[in-house]
Amino acid sequence: MPVSIMVLIGVAAVAVLAGVAFVVVDGDQELARFEADHPPLDLPEDRPVTGEDISRMRIPLALWGYHVRAVDEVLSRLATSLRERDERIAELERRHMEPATRAEPPPAGGVSDFGTVPVEDATPPRPRHG
């Protein structure tokens, strides 16, 4: 093969690589963002993701395994839903524990609310009929 043809093929290869790099890199010298090239996932947008949503969902397949962007989107949504659920559980547990911390502990020494009578001997007062 003559040297001039090899040089021509080399120049063409460099031109193709430069063209691809120019298309991929946006004007800001960063990789351009492209829209998702997979079908939309069947996940709710107006509420947190539930286990039932996940069991119904089918992640789209790609040439080698699952579609990477779809899996990343699912994992991101799941992480958000789990974080929101954990925060909600923590808030409910905190609310549940508040009344217990505000309640007065029973008096020491077995004293009831009826005076200085020991708790085991205390009987509530009888209602008066009159």
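Before reading further, recall that the structure is shown in the block above.
Residues numbered from 1 in each chain as written. Predicted model: local features only at pLDDT ≥ 70, side-chain atom pairs only at ≥ 80, totals over all residues. Heavy atoms only, no water.

### Examining the overall build of the protein
1) Next: Within the protein one finds three helices and two strands.
2) Next: Element order for the protein, N to C, with α for helix and β for strand: α-α-β-β-α.
3) Next: Looking at the protein residue by residue over its 130 residues, the buried ones come to 11%.
4) Next: In the protein, 41% of the contacts between residues at least 6 apart in sequence involve partners at least 24 apart. (Helix = DSSP H or I, 4+ residues; strand = E, 2+ residues; numbered from the N terminus. Buried < 20%, exposed > 50% of the residue type's maximum accessible area, 1.4 Å probe, protein only. Contact = heavy atoms within 4.5 Å.)

### Some points on the pattern of salt bridges
1) Next: Across all of its chains, the model carries eight salt bridges by this definition.
2) Next: Here Glu-45 ties to Arg-77 by a salt bridge, and the two come within 3.4 Å at their closest N and O atoms. Pair noted here: Glu-45 is in the loop between α1 (3–24) and α2 (51–56) and Arg-77 is in helix α3 (residues 68–102), with a separation of 32 residues, a long-range link.
3) Next: Residue class for Arg-77 comes out buried when judged on its relative accessible area of 18%.
4) Next: One salt bridge connects Asp-53 with Arg-47, and the closest N-O pair in it is separated by 2.8 Å.
5) Next: With a relative accessible area of 2%, Asp-53 lands in the buried category.
6) Next: Overlapping salt bridges bring together Arg-47, Glu-52, Asp-53 and Arg-56 as one network. (Salt bridge = Lys/Arg side-chain N within 4 Å of Asp/Glu carboxyl O.)

### Things to note about a nonpolar patch on the surface
1) Next: A cluster of nonpolar side chains, Val-3, Val-7 and Val-11, forms an exposed patch at the surface whose accessible area comes to about 280 Å².
2) Next: Its place among the elements puts Val-3 in helix α1. (Patch = residues over 30% accessible without salt bridge, like charges linked within 9 Å, V, L, I, M, F, W, Y side chains within 5 Å. Areas by Shrake-Rupley, 256 points an atom, 1.4 Å probe, with all protein chains shown as cover.)

### Remarks on the environment of Thr-50
1) Next: Within the secondary structure, Thr-50 is located in the loop between α1 and α2.
2) Next: Residue classification places Thr-50 among the partly exposed positions, given a relative accessible area of 35%.
3) Next: The sequence separation of Thr-50 and Leu-82 amounts to 32 residues, and the corresponding C-alpha distance is 9.3 Å.

Spatial relationships are all this shows, so hold off on functional conclusions.
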